[in-house]
Amino acid sequence: MRHRGQFTRSERFARSRLAKLVHEQPFLCGSLVPLNRVCGKEGCKCNQGELHPGLCVALRVGEKRKMIYVPQALEATARRWVSTYQKAWRLMEEISQASLKRFLKGKEKVREQRKAKIGERRSHG
Ligand SMILES: [Zn+2]
């Protein structure tokens, strides 16, 4: 393994926050979708079209995309778990951007080495 010193301070920070999140918190790779619904009770206003506000979480279950209804008692939990995923995603993006910078630097180096080699060949005939 390479030394941690290769990372900038902000990248190190993002990495440790990501590790902590993933290590400690449950998360759902999905998004919250408001979805009004009918409760099914006889005589309720929802039967006249005044629907109850509800919440679904849209996510993949195996290969399929699904909308899973969130009961009110679990709304806070669903919001927290989706928000943890979004935070982790943003940190992943941050680390990816930093990695991309390193990758492009590596590409630049390869290009310079190739140029130097061609130059050498030319000067030696
Ligand atoms: Zn109702």
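Residues numbered from 1 in each chain as written. Predicted model: local features only at pLDDT ≥ 70, side-chain atom pairs only at ≥ 80, totals over all residues. Heavy atoms only, no water.

A. Region of the structure containing the sheet that holds strand β2 (residues 55-61). Read across the sheet, three strands follow the order β1-β2-β3 without closing on themselves; strand pairing throughout is antiparallel. Two strands in the sheet have a free side with no partner beyond their single neighbour: β1 (30-34) and β3 (64-70). Taking each pair of neighbouring strands and ignoring which way they run, the sheet shows an average axis angle of 30 degrees. Note that β1 and β2 share five bridges and pair antiparallel. Paired with Pro34 across the two strands is Leu55, which belongs to β2. With respect to the sheet, helix α2 (residues 75-123) is in contact with β1, β2 and β3, its orientation differing from that of β1 by roughly 140 degrees. (Pairing = 2+ DSSP bridges. Helix = DSSP H or I, 4+ residues; strand = E, 2+ residues; numbered from the N terminus. Axes fitted to C-alpha atoms, helices over the stretch in contact; angles between N-to-C directions. Contact = heavy atoms within 4.5 Å.)

B. Main features of the coordination of the zinc ion. The coordination sphere of the zinc ion contains the protein donors Cys39 (SG), Cys44 (SG), Cys46 (SG) and His52 (NE2), at a distance range of 2.0 to 2.3 Å. Relative to the metal, the four donor atoms surrounding the zinc ion lie at angles of 102 to 114 degrees, and the coordination shape comes out tetrahedral. Donor residues for the zinc ion sit on one chain with the sequence pattern C-x4-C-x1-C-x5-H. The pair formed by Cys46 and His52 is uniform in burial state, with each residue classed as buried. (Donors = N, O, S within 2.8 Å, 3.2 Å for Na, K, Ca; no water. Tetrahedral: all angles 85-135°; square planar, octahedral: opposite > 155°, others 65-115°. Buried < 20%, exposed > 50% of the residue type's maximum accessible area, 1.4 Å probe, protein only.)

C. View of the pairing of β2. Taking burial as the measure, the seven residues of β2 include five buried ones, the bulk of the element. For β2 and β3, the ladder comprises seven bridges, and the chain directions are antiparallel. Bridged to Cys56 within β3 is Tyr69. Two successive antiparallel strands, β2 and β3, enclose a turn made up of two residues, where Gly62 displays a positive phi of approximately 65 degrees.

D. Here's a closer look at the side chain of Thr84. Examined against the element boundaries, Thr84 turns out to sit in helix α2. Its relative accessible area of 5% is what places Thr84 among the buried residues. If we ignore the near neighbours within four places in the chain, the residues touching Thr84 are Leu21, Gln25, Pro26 and Phe27.

E. View of the pattern of salt bridges. Summed over all chains, the structure comprises six salt bridges. Here Arg102 and Glu11 are joined by a salt bridge, their closest N and O atoms 3.1 Å apart. A residue pair is termed long-range when its members are at least 10 positions apart, and Arg102 in helix α2 and Glu11 in helix α1 (residues 9-24) qualify at 91 residues. Taking the relative accessible area as the measure of exposure, Arg102 reaches 29% and is therefore partly exposed. For the salt bridge of Glu50 with Lys45, the shortest nitrogen-to-oxygen distance reads 3.9 Å. When its relative accessible area of 45% is taken as the criterion, Lys45 is described as partly exposed. Connected via shared salt-bridge partners are Glu11, Arg15 and Arg102. (Salt bridge = Lys/Arg side-chain N within 4 Å of Asp/Glu carboxyl O.)

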